[in-house]
Amino acid sequence: MYERFLTFIKDHRMISPADRVLVAVSGGVDSMVLVSLLSRASIKVGVAHVNYHLRGVESNDDQQLVEAYCLKNNIQLHVREVQPEEYATGESIQMVARDIRYKFFDQLLDDFDYSKIATAHNANDNLETVLLNFTKGTGIAGLTGIAPIKTNRLIRPLLFARKEEVYQYAKENSISWREDVSNEKNDYQRNRIRNAVIPELKKINPNQMSHQKNNYLIIIILKTSMHMTIVR
């Protein structure tokens, strides 16, 4: 997986030798593996962690794990702790959390001279996004999924890897992580796609995510969408 990681960031020209990369690390397996891979590649990194204080003790345990990892590996850590009153905006908690997260990242990039922000989206996230967008009636653009590079400053170096590969790499390299048990609940649309829809699709085609871009499934969706448009 490490060699594929190097190939992926090289092919997409994500990182130059002069870059300092701020890695968004939640404490979950994806972000812990990402910061480990970047460090292994001798890329200069710092870590940004947001404690939303939405899961009680579990949120604090996530932060402690990230703090311990950064201390052990001599990585600069930036922590943002969200206060309860910050959620009282009238918007959904998810939207508020996202806004807080990216404002924090942008501030760190400006204040600490980071040139890139790296998030740990993987191939499974890409598939979930395509299916979610399709379900919501997106246009063709939405079916392209998550881009490896969103802007000049936002990169997704783990997008080539399936979730199963990420877990395997973490276990093989003794990387600690914490599971967010809220991901198992179907309270949110993405969780329903992940926990209910994709397992059924795998029964039909177990190899649906064998390619990082999920081209096979996307082609099927595009054909179905175009057929439905013609029929109408």
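On a predicted model such as this, the values are computed, not experimentally measured, just so you know. Here the residue numbers are simple positions, counted from 1 along each chain's written sequence. For a predicted model such as this one, the threshold for reporting local features is a pLDDT of at least 70, and the threshold for listing and counting side-chain atom pairs is 80 or more; totals across whole chains, interfaces and linings nevertheless cover every residue. The basis for every side-chain value is the complete set of heavy atoms in the structure, and neither hydrogens nor water enter the calculation.

Chemist: Where do I start with the packing of helix α2 (residues 29-40) against helix α6 (residues 163-172) in this structure?
Modeler: Geometry of a packed helix pair, given as the angle between the helix axes and the separation of the axes. Running from N to C, α2 and α6 cross one another at 65 degrees; their axes reach a closest spacing of 10 Å. Remark: the crossing between α2 and α6 carries left-handed chirality. Here Val29, Asp30, Val33, Ser36, Leu37 and Arg40 of α2 lie close against α6, whose contacting residues are Lys163, Val166, Tyr167, Tyr169 and Ala170. Here the residues of the contact of α2 with α6 are counted per class, giving seven nonpolar, one polar and three charged. Each axis is a line fitted through C-alpha atoms, and for a helix only the stretch in contact is used; angles between axes span 0 to 180 degrees, taken between their N-to-C directions. Here a strand is any run of E in DSSP of at least two residues, a helix any run of H or I of at least four, and the numbering for each starts at the N terminus. Put simply, a crossing is left-handed when the front helix is turned counterclockwise from the back one by less than a right angle, and right-handed when it is turned clockwise. Contacts were defined at the residue level, with two residues in contact if any of their heavy atoms lie within 4.5 Å. For this scheme, ten residues count as nonpolar: Ala, Val, Leu, Ile, Met, Phe, Trp, Tyr, Cys and Pro. Four count as charged, namely Asp, Glu, Lys and Arg, and the remainder, Gly too, count as polar.

Chemist: What is the right way to read the sheet that holds strand β2 (residues 44-51) from this model?
Modeler: Pairing between the strands of a sheet is mediated by backbone hydrogen bonds and can be parallel or antiparallel. For two strands to be treated as a pair, DSSP must find no fewer than two bridges joining them. In space, the five strands of this open sheet follow the order β3-β2-β1-β4-β5, with parallel pairing throughout. The outermost strands of the open sheet, each flanked by one partner alone, are β3 (76-81) and β5 (154-155). Pairing of strand β4 (residues 116-118) with β5, which is carried by two bridges, proceeds in the parallel orientation. Paired with Ala118 across the bridge in β5 is Ile155. Its contacts with the sheet put α2 on β1 (20-24), β2 and β4, and the angle it makes with β1 is roughly 165 degrees. Packing against the sheet, helix α3 (residues 57-72) makes contact with β2 and β3, and its axis sits at approximately 165 degrees to β2.

Chemist: For this particular structure, what's the right way to read the pairing of β2?
Modeler: Within a regular strand, side chains alternate between the sheet's two faces. Each residue is placed in one exposure class: buried if its accessible area under a 1.4 Å probe, protein chains only, is under 20% of its type's maximum, exposed if it is over 50%, and partly exposed if it falls in between. Taken across its eight residues, β2 has seven buried, putting it largely inside the fold. Across five bridges, the pairing between β1 and β2 is parallel. Each residue of the ladder has a partner; that of Arg20, found in β2, is Lys44. Convention used here: a crossover is right-handed provided that the path from the first strand, over the helix, to the second strand proceeds clockwise when the strands point away from the viewer. Handedness of the crossover is the feature at issue here: the chain leaves β1, passes through α2, returns alongside β2, and the resulting connection is right-handed. Pairing analysis gives six bridges linking β2 to β3, with the strands arranged parallel. From the neighbouring strand, Ala48 faces β3, where its bridge partner is His78. Running through α3, the crossover from β2 to the neighbouring parallel element β3 is right-handed.

Chemist: Any chance you could explain α6 here in plain terms?
Modeler: Quick reminder: α-helices carry 3.6 residues per turn. Residues three or four places apart thus point the same way. The complete set of buried residues in α6 reads Glu165, Val166, Tyr169 and Ala170. For α6, the angular spread of buried residues about the axis comes to 135 degrees, placing them on one side. Facing away from the buried side of α6 by more than 90 degrees, the exposed set consists of Lys171 and Glu172. Phi turns positive one or two residues past the end of α6, at Ser174, with a value near 55 degrees. For this quantity, the arc is that covered by the directions from the helix axis to the C-beta atoms.

Chemist: Teacher, can you tell me more about the confidence of the model for the protein chain here?
Modeler: Keep in mind that low pLDDT regions are not for reading the predicted coordinates in detail. Summary of the metric used: pLDDT quantifies the predictor's per-residue confidence within the range 0 to 100. The share of residues in the protein chain with pLDDT of 70 or more is 69%, and the mean pLDDT across the chain is 82. Here residues 210-216 scores under 50 on pLDDT; set against residues more than four positions off or in separate chains, the count is 13 contacts. This model gives residues 218-232 a pLDDT under 50, and the stretch forms 10 contacts once residues within four places in sequence are excluded.

Chemist: Quick question: what am I supposed to make of the environment of Ala170 here?
Modeler: Here Ala170 shows up in helix α6. Taking the C-alpha atoms as reference, Ala170 lies 9.1 Å from Ser36; in sequence the two are 134 residues apart.

Chemist: For this particular structure, what's the right way to read the side chain of Thr119?
Modeler: Inspection of the secondary structure assignment puts Thr119 in the loop between β4 and α5 (123-135). A polar contact is formed between the side chain of Thr119 and the side chain of His121, at a distance of 2.9 Å. Identification of polar contacts relies on pairs of N or O atoms within 3.5 Å, with a donor-acceptor requirement for protein atoms, meaning one able to donate a hydrogen and the other able to accept it, and with residues adjacent in sequence counted only if both atoms are side-chain atoms.

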